[in-house]
Amino acid sequence: MPEIRYPTPDAIVGVDVGGTKTQLRALVDGEVVDRIVPSEIWRVGAIFDDAENFDRLARLVTDTVGTAPAVTVVGAHGIDSTRQRHQATALLGDRMPGVVAVVNDAVLLAPAMGLEAAVCVIAGTGSAIVGFDVDGEPVTADGYGWLIADDASAPGISRRAAVALLRAVDRDGASAMSDPLAARFLAAFDALDHVDLALRFQASASEASWGGFAPQVFDAAAAGSTIAHGVIAASATHLADAVTAIRGRGAQGTDVIAAGGVMTAQPLLAELLRADLQRHDEALRLHVLDEPPVAGALALALAHSDAPSPRKVLS
């Protein structure tokens, strides 16, 4: 492993590692430093797939702040258990000075919103539901990957929509292909009919391909597609059921924070999720994240230091 050299520690750093982008926010000498890079420039595969991912992440942090961090908190997609959290913290801590902590990216949402206890719901490249029990240990649901789970993620919504359209044809025959969703599917996958669509959709299976179609499901719903609206409603129900499940397993709090590219870009999903949560428990309050998750990473890093908040420093 190449040697990494650091100057005197004086920076406080928060990092949000998503499926497609990595955002860093640091407090350095009273100034806030922000940087966003594609995750692919430093990460090969999933975070544990290549040991050098942690070397590259350490360099990315120190190159961004230009000094050695006193505290670094990383929220990362793919840190889904206590074992993985300890493993990632140890691997990054071996490569960086100061206090280092690596957590699941959903952990960032509550501090980003200024809340202490909340259930975090992510619907974006992946989907996951994360809460915390009375001991502060994570209680999770979903987050198992776009191909077999993550039903409210962008790829999951596209997969659910393809299945729903094909089932509608099974039930109603060719008339189902008049639904506004059908034309979008046929055009996007260059398919001749529903049989050809099934083959082409499966042949194109990738997180990017299926995920890229998800906005068209919402467009179809806006155009009057009953199939697309049903798919989005089922995705919201999936998330609400998962929130109820992890609360039943000990997750604390009645605030629910929703985040992720699908959730923040598509108000219909949040609207349906809010209604489903209310049906489960009227005490549940849904908040759609209005700060970047990296703000939560920096807030957690500041909690491990004596530094004042960025707002106090800059005021």
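Rules used throughout
- Residues numbered from 1 in each chain as written.
- Predicted model: local features only at pLDDT ≥ 70, side-chain atom pairs only at ≥ 80, totals over all residues.
- Heavy atoms only, no water.
- Pairing = 2+ DSSP bridges.
- Helix = DSSP H or I, 4+ residues; strand = E, 2+ residues; numbered from the N terminus.
- Axes fitted to C-alpha atoms, helices over the stretch in contact; angles between N-to-C directions.
- Parallel < 35°, antiparallel > 145°, perpendicular 65-115°, else oblique.
- Left-handed = near helix turned anticlockwise from the far one by under 90°.
- Contact = heavy atoms within 4.5 Å.
- Nonpolar A, V, L, I, M, F, W, Y, C, P; charged D, E, K, R; others polar.
- Buried < 20%, exposed > 50% of the residue type's maximum accessible area, 1.4 Å probe, protein only.
- Expected span 1.5 Å × (residues − 1).
- Arc of directions from axis to C-beta.

(A) Structural detail: the sheet that holds strand 10 (residues 285–288). Strand order across the open sheet formed by five strands is 8-7-6-9-10, with mixed pairing between neighbours. Of all the strands in the sheet, just strand 8 (138–142) and strand 10 have a single pairing partner and so form its edges. Taking each pair of neighbouring strands and ignoring which way they run, the sheet shows an average axis angle of 20°.

(B) The arrangement of the packing of helix 4 (residues 154–172) against helix 5 (residues 180–188) in detail. It is the contact of helix 4 with helix 5, at a shortest axis distance of 11 Å, that shows an interaxial angle of 115°. Between helix 4 and helix 5, the angle falls in the class roughly perpendicular. The interaxial crossing formed by helix 4 with helix 5 has left-handed handedness. Taken together, the residues of helix 5 that come into contact with helix 4 (itself represented by Ser158, Ala161, Ala162 and Leu165) are Leu181, Ala182 and Phe185. Considered class by class, the residues forming the contact of helix 4 with helix 5 number six nonpolar, one polar and no charged.

(C) Geometry of the environment of Pro267. Position of Pro267 relative to the elements: it lies in helix 10 (residues 267–280). Using a relative accessible area of 59% as the deciding quantity, one classes Pro267 as exposed. Considering only alpha carbons, one finds Pro267 and Val288, 21 residues apart in sequence, at a separation of 9.3 Å.

(D) Summary view of the environment of Val13. Within the secondary structure, Val13 is located in strand 1 (residues 9–17). Linking Val13 and Thr72, residues 59 residues apart in sequence, is a C-alpha distance of 4.7 Å. Once residues within four sequence positions are removed from consideration, Val13 is found in contact with Arg25, Ala26, Val61, Val65, Pro69, Val71, Thr72, Val73, Leu298 and Ala301.

(E) Expanded view of helix 2 (residues 82–93). With twelve residues, helix 2 should reach 16 Å at 1.5 Å per residue; the first-to-last C-alpha distance of 16 Å fits that figure. When we look at burial in helix 2, the residues that qualify are Gln84, Arg85, Ala88 and Leu92. Projected onto a plane normal to the axis of helix 2, the buried residues spread over an arc of 100° and lie on a single side. Buried residues along helix 2 sit in contact with helix 1 (52–65), strand 4 (68–76), strand 5 (99–104) and strand 8.

All we've got here are geometric facts, nothing functional implied.
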